[in-house]
Amino acid sequence: MPIAINPDDVLVVVDMQYDFLPEGSLAVAGGDEIVPLINQLAKRFRNVVLTQDWHPADHISFASQHEGKAPFEMVELPYGPQVLWPDHCVQGTRGAEITADLNIPHAQLIIRKGYNRQIDSYSGFEEADRETTTGLAGYLNERDLGRLFVVGLALDFCVAWTAVDGAAAGFDVTVIEDAARAIDSNGSLERALADLDTAGVGRVMSREILG
Ligand code: VGL
Ligand code: ZN
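Note that the coordinates shown come from a computational prediction; the quantities given were computed from them, not determined experimentally. (Residues numbered from 1 in each chain as written. Chains lettered and ligands numbered in written order. Predicted model: local features only at pLDDT ≥ 70, side-chain atom pairs only at ≥ 80, totals over all residues.)

### Brief notes about the overall build of the protein chain
Stated precisely, the cut-off is as follows: Strands here mean DSSP runs of E at least two residues long; helices mean DSSP runs of H or I at least four residues long; both are numbered from the N terminus. C-alpha atoms define the radius of gyration, and 2.2 Å times the number of residues to the power 0.38 defines the globule rule. Our exposure labels follow a C-beta count within 10 Å of each residue's own C-beta, placed from the backbone: buried means 20 or more other C-beta atoms, exposed means 12 or fewer, and partly exposed covers the counts in between. C-beta atoms are first placed from the backbone for all residues, and any pair lying within 7 Å is then listed as a contact.
On a plain count of helices and strands, the protein chain comes out with 5 helices and 8 strands. Rg of the C-alpha trace for the protein chain: 16 Å, near the compact-globule value of 17 Å for 211 residues, within the 12% margin. On the principal axes, the C-alpha backbone points of the protein chain span a range of 55 × 35 × 30 Å. Burial analysis of the protein chain (211 residues in total) assigns 42% to the buried set. For the protein chain, long-range pairs separated by at least 24 residues make up 73% of all intrachain contacts whose partners lie at least 6 apart in sequence.

Quick look at the structure:
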């Protein structure tokens, strides 16, 4: 049985930005391959929300801000452990732009995240301090929208955290697995998939929606 998409369901398209695509500073393998699929899926949804990683140039998640540290190493921050990244998605740069190959003119909201220098935000709902919200849950609730279907980059970071936090905020959440790609650093993919299962987030393939 195909999954019927309802008029109040939402497609959440996570971080389809040049820095996560081939030749970007934090390129996710195969990230470009999912663009046509996301475009196709978006046609089935009346409601589409995009997220955009949006860091100041001196963001605390950048290895360049930590003496002697390299990308993909860990540091301990006041809110907990933090993976360090290459500089990416710096506000106003081309790398931070959402790819022009994404063809979703009816998308209704772009939610920017990670703009506070001292706090990272993988999740489209809540920053890494687990206190500061982005306002997305309020937006979705105020519009009285239905289930969330999450796609994009990267499956094991921003897609997974957005999905888990969406479920924690009370939404029915499903990740469309083949419309996402992972960074897979130090076992992060396996952990993220386990976190999705624990949170009660569904996992489907796009053919279950597209038929
Ligand atoms: C992301 C690492 C750092 C993501 C964003 O979009 O998954 N990953 N910032
Ligand atoms: Zn980031």
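### As for the confidence of the model for the protein chain
Quick note on the threshold: A residue's pLDDT is the confidence the predictor assigns to it, expressed on a 0 to 100 scale.
Here the protein chain averages 97 in pLDDT, while 100% of its residues score no lower than 70. Here the complex is predicted with pTM 0.98, and the ipTM for its interfaces comes to 0.98.

### Comments concerning the site of ligand 1
As a reminder of what qualifies: Whether a residue is near a molecule or strand depends on its C-beta atom, generated from backbone atoms, being within 6 Å of that molecule or strand. In this classification, the charged set is Asp, Glu, Lys and Arg, the nonpolar set is Ala, Val, Leu, Ile, Met, Phe, Trp, Tyr, Cys and Pro, and all remaining amino acids, among them Gly, are polar.
Near ligand 1, the surroundings consist of D15, F20, D53, W85, Y122, L153, A154, F157 and C158. Residue composition of the shell around ligand 1, by class: 7 nonpolar, no polar and 2 charged.

### With respect to the UniProt feature "domain: Isochorismatase-like" (unreviewed entry) in the protein chain
Stated formally: UniProt positions are given in the numbering used here, feature names are shortened, and annotations may be inferred rather than shown by experiment.
In the numbering used here, UniProt assigns the "domain: Isochorismatase-like" (unreviewed entry) feature to residues 10-206. The distance separating the terminal C-alpha atoms of residues 10-206 is 15 Å; by composition the span is 20% helix and 22% strand.

### Focus on the pairing of strand 3 (residues 74-77)
Heads up, the rule is: The criterion for strand pairing is that DSSP finds at least two bridges linking the strands in question.
Inspection of the sheet shows strand 3 paired to strand 4 (residues 80-83) by 4 bridges, in the antiparallel sense. Looking at strand 4, one finds that L77 is bridged to G80.

### Observations regarding the nonpolar core
Applied cut-off: The term nonpolar core means buried Ala, Val, Leu, Ile, Met, Phe, Trp, Tyr and Cys residues held together as one set by C-beta atoms within 7 Å.
Of all hydrophobic cores here, the largest spans 54 residues; its most connected members are L11, V150, V151, A154, V159 and A163. Mapped by element, the contributors of at least two residues to this core are strand 1 (10-14), helix 1 (35-42), strand 2 (47-53), helix 2 (136-142), strand 6 (148-153), helix 3 (155-168), strand 7 (173-181) and helix 4 (188-198). The dominant element in this core, judged by the number of residues it contributes, is helix 3, at 9 residues. Dropping the residues within four chain positions of it, V150 is found in contact with V12, V14, V159, T162, A163, V173 and V175.

### Section: the pairing of strand 7
To keep it simple, the criterion reads: By convention, orient the strands away from the viewer: a clockwise path from the first strand over the helix to the second makes the crossover right-handed.
Across the 9 residues of strand 7, 7 count as buried, placing the element largely inside the fold. Bridge analysis of strand 6 against strand 7 gives 5 bridges, and the strand direction is parallel. If you follow G152 over to strand 7, its bridge partner there is A180. Assessed by its sense of winding, the connection that carries the chain from strand 6 through helix 3 to strand 7 is right-handed.

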